[in-house]
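Structure at a glance
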Amino acid sequence: MDCQTARKWMSPYLDSELETAKTFEIGEHLRACEPCRRRFDAERHVDDMLRDRLSRESMPPALWHQLRKEVNRSELLSGFRIPAVIATAAGIMLFAVLYMASGDRSAKPSEVFTGQWAHYVNQSVPSESMLSDAEIEKALLDDYGLRFSTAREDTHRHPVKVMGGRYVLFGSQPALELRVKCCGKDAVITTFLRSNAGKLPRGIQELEREAFGKDVKRDGVNIRVNTVGEAEFFIASEHYLDGLMDAIQPGKA
Amino acid sequence: MAQRPAAAEFLDLLEPIRNSVYRYAARMAWGDDHASDIVQEAVMTAWREFGRFEANTNFKAWMFRILINTIYRLNKRVARHGGPQLDEVHHDLHATMEREEAWSSLMEQPERLREMLDDRLVASLDRLGTDERQCLLLRMLEGFSYKEISAVLDIPMGTAMSHVHRARLKLREELAALAVENGLLRESA
Ligand SMILES: [Zn+2]
Ligand SMILES: [Zn+2]
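Below: a short report on this structure. Quantities reported herein were computed from a predicted structural model and do not represent experimental measurements.

Quick word on helix α4 (residues 59-75) of chain B
Residue and element names in this part refer to chain B.
- Taking 1.5 Å per residue, 17 residues should reach 24 Å; α4 reaches 24 Å between its end C-alpha atoms and fits that length.
- For α4, a buried count of 13 out of 17 residues is recorded, marking the element as mostly surrounded by other parts of the structure.
- Its side-chain oxygen placed 3.1 Å from the backbone nitrogen of K60, N58 serves as the N-cap of α4.

The structure is reproduced here in structure tokens:
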């Protein structure tokens, strides 16, 4: 076999897709021909580099949790396969499907944040979409490396109470939403991975910059953004935010 | 087995390939923030269709078919990002052979190249034509055989093979050009 023929078959050879005879012939040529050997090795290096680089990308844990939850939930609620629904955006579609499967057609799907802060904070959330306390704790820790502290010392002696938590789409990004109460006021803490912050809709990104580390008012609601480790969160409430802020702690002491 | 909830079965099959599904969507999506949307829709579609999946056949190939259809459909809704696609490989054999030698010697210090080209590599990949990029990803990253690629994409096996081949050629040409640009490689060594 000559060099040109060997190189013509290089790609399927590297993919181990040639029949035995041809593989053998090329192997023979490579043993005898140093330039070709180096050339094949170089190609293998590029493959490896690319594979290495691309394997670093993995599904965000919050998205996986959310998918698992939605699949389980839809089976639980409907008892049969959910119907196809036509909707404009994939995120809306997902929740429209769940909403139909839930059988509750009087309420709008509440899981998509629409940018109306007062409504977002004060809406009543159907209890069946809420996670259990143990699930909240696990999701906070496993997905975001956080824990929530209701110890009085951590919340400026305010009696913060966790009412529930659920997975939501915040803008287009999967997030964990904690609903808490303090002094009779509702508050919402929406947590997502910092690595996803750049993918939030532009309006939310602008607010994120404005409210980073300091209070900003929208629709009469105080909003503040902060980060802990890999996690980022928006806190929104009519209540003032310092105590609530301190309730979010790094997961590992 | 018959009593086992379908959701658990579906999720057990999906879990080991979830990262593959995500990164494939990330590389094939036109919009930058589009991968999560695509994955969500593809997974929920697969779940709806799960009754049609034949037990003990290749779940990954089945899931990728749905994923790829979802990508085609949803990509139409967003503007395409990224620059122009890579040029056709020119087949001046002499020049190519010369460059290949230089390229091979460069590859004797792969770490240096790796450092320099890390992100450029992905950018180059993103600029391959859709057919070439998807065949290369399916083959190299996801380990599909040419036969499986042909089934997943509904194209002849020989076409799958030549897309992979051409993707490799183009990538190498592009990387060699980048290396020249960065002074790692003299044009005609
Ligand atoms: Zn040779
Ligand atoms: Zn209070």
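Overview of the packing of aromatic side chains
- Going through the model one piece at a time under the given rule, you end up with 16 aromatic pairs over all chains.
- Their ring planes at 40° and their centres at 6.1 Å tell us that F192 of chain A and F234 of chain A sit as a pair that is tilted. In this pair, F192 of chain A is assigned in strand β4 (residues 185-193) and F234 of chain A in strand β7 (residues 231-237), connecting sequence segments 42 residues apart. Neither F192 of chain A nor F234 of chain A differs from the other in exposure class; each is buried.
- Measuring from centroid to centroid gives 5.2 Å for Y24 of chain B and F64 of chain B, while their planes differ by 65°, and the two rings are edge-to-face. Residue Y24 of chain B is found in helix α2 (residues 18-28), and its partner F64 of chain B is found in helix α4; the two are separated by 40 residues along the sequence.
- The buried category is assigned to Y24 of chain B, whose relative accessible area is 1%.

Quick word on the side chain of T191 of chain A
- Within the element layout of this structure, T191 of chain A appears in strand β4.
- Discounting chain neighbours no more than four positions away, the residues touching T191 of chain A are Y144, L146, A175, L176, A231, E232 and F233 of chain A.

Quick look at the nonpolar core
- Judged by nonpolar contacts, the single largest core of 63 residues is most densely connected at F10, Y24, V39, F59, M63, L67 and L136 of chain B.
- With 10 residues, the top contributor of residues to this core is α4 of chain B.
- Those residues in contact with V39 of chain B, other than ones at most four positions away along the chain, are M59, L63 and L67 of chain A together with V21, Y22 and A25 of chain B.
- Counting 26 residues, the second largest nonpolar core, distinct from the first, contains I136, L178, A231 and A247 of chain A.

Thoughts on unusual backbone geometry
- You will see that R157 of chain A, though not glycine, has its phi angle at about 65°, which is positive.
- Residue placement: R157 of chain A occurs in the loop between β1 (146-148) and β2 (161-170).
- Positive phi, normally seen in glycine, also occurs at N56 of chain B, with a value near 65°.
- Positionally, N56 of chain B belongs in the loop between α3 (35-49) and α4.
- A relative accessible area of 82% means that N56 of chain B is categorised as exposed.

Section: the pairing of β2 of chain A
All names here are of chain A.
- Among the 10 residues in β2, seven count as buried, and that is most of the element.
- Inspection of the sheet shows β2 paired to strand β3 (residues 173-182) by nine bridges, in the antiparallel sense. Counted as the bridge partner of F170 is Q173 from β3.

Digging into the coordination of the zinc ion (ligand 2)
All names here are of chain A.
- H158 (ND1), C182 (SG), C183 (SG) and H239 (NE2) make up the full set of protein donors to the zinc ion (ligand 2), lying at 2.0 to 2.2 Å.
- Counting gaps between the donor residues of the zinc ion (ligand 2) yields the pattern H-x23-C-C-x55-H. Of the two residues, H158 is situated in the loop between β1 and β2 and C183 in the loop between β3 and β4; the sequence distance between them amounts to 25 residues.
- Judged by its relative accessible area of 17%, H158 falls in the buried class.

Observations regarding the coordination of the zinc ion (ligand 1)
- Within the protein, the zinc ion (ligand 1) binds to C3 of chain A (SG), H29 of chain A (NE2), C33 of chain A (SG) and C36 of chain A (SG); these donor distances fall in the range 2.1 to 2.3 Å.
- For the zinc ion (ligand 1), the four donor atoms in the first shell make angles of 103 to 113° at the metal, a pattern classed as tetrahedral.

Quick notes on the pattern of salt bridges
- Counting across every chain of the model gives 28 salt bridges over all chains.
- Between R27 of chain B and E57 of chain A there is a salt bridge, with its nearest N and O atoms 3.1 Å apart. Remark: E57 of chain A occurs in the loop between α4 (34-55) and α5 (61-78) and R27 of chain B occurs in helix α2; the pair is interchain, linking two chains.
- Given the relative accessible area of 12%, R27 of chain B is considered buried.
- Overall, the relative accessible area of 23% leaves E57 of chain A in the partly exposed class.
- The salt bridge partner of D142 of chain A is K138 of chain A, with a shortest N-O separation of 2.6 Å. Of the two residues, D142 of chain A and K138 of chain A both sit in helix α8 (residues 133-144), four residues apart, roughly one turn of that helix.
- Owing to a relative accessible area of 42%, D142 of chain A belongs among the partly exposed residues under this scheme.

What counts, and at which threshold
Residues numbered from 1 in each chain as written. Chains lettered and ligands numbered in written order. Predicted model: local features only at pLDDT ≥ 70, side-chain atom pairs only at ≥ 80, totals over all residues. Heavy atoms only, no water. Helix = DSSP H or I, 4+ residues; strand = E, 2+ residues; numbered from the N terminus. Expected span 1.5 Å × (residues − 1). Buried < 20%, exposed > 50% of the residue type's maximum accessible area, 1.4 Å probe, protein only. Polar contact = N/O pair within 3.5 Å; in protein donor to acceptor, adjacent residues only side chain to side chain. Phe/Tyr/Trp six-rings, centres within 6.5 Å; stacked < 30°, edge-to-face > 60°. Contact = heavy atoms within 4.5 Å. Core = buried A, V, L, I, M, F, W, Y, C linked by side-chain atoms within 4.5 Å. Pairing = 2+ DSSP bridges. Donors = N, O, S within 2.8 Å, 3.2 Å for Na, K, Ca; no water. Tetrahedral: all angles 85-135°; square planar, octahedral: opposite > 155°, others 65-115°. Salt bridge = Lys/Arg side-chain N within 4 Å of Asp/Glu carboxyl O.

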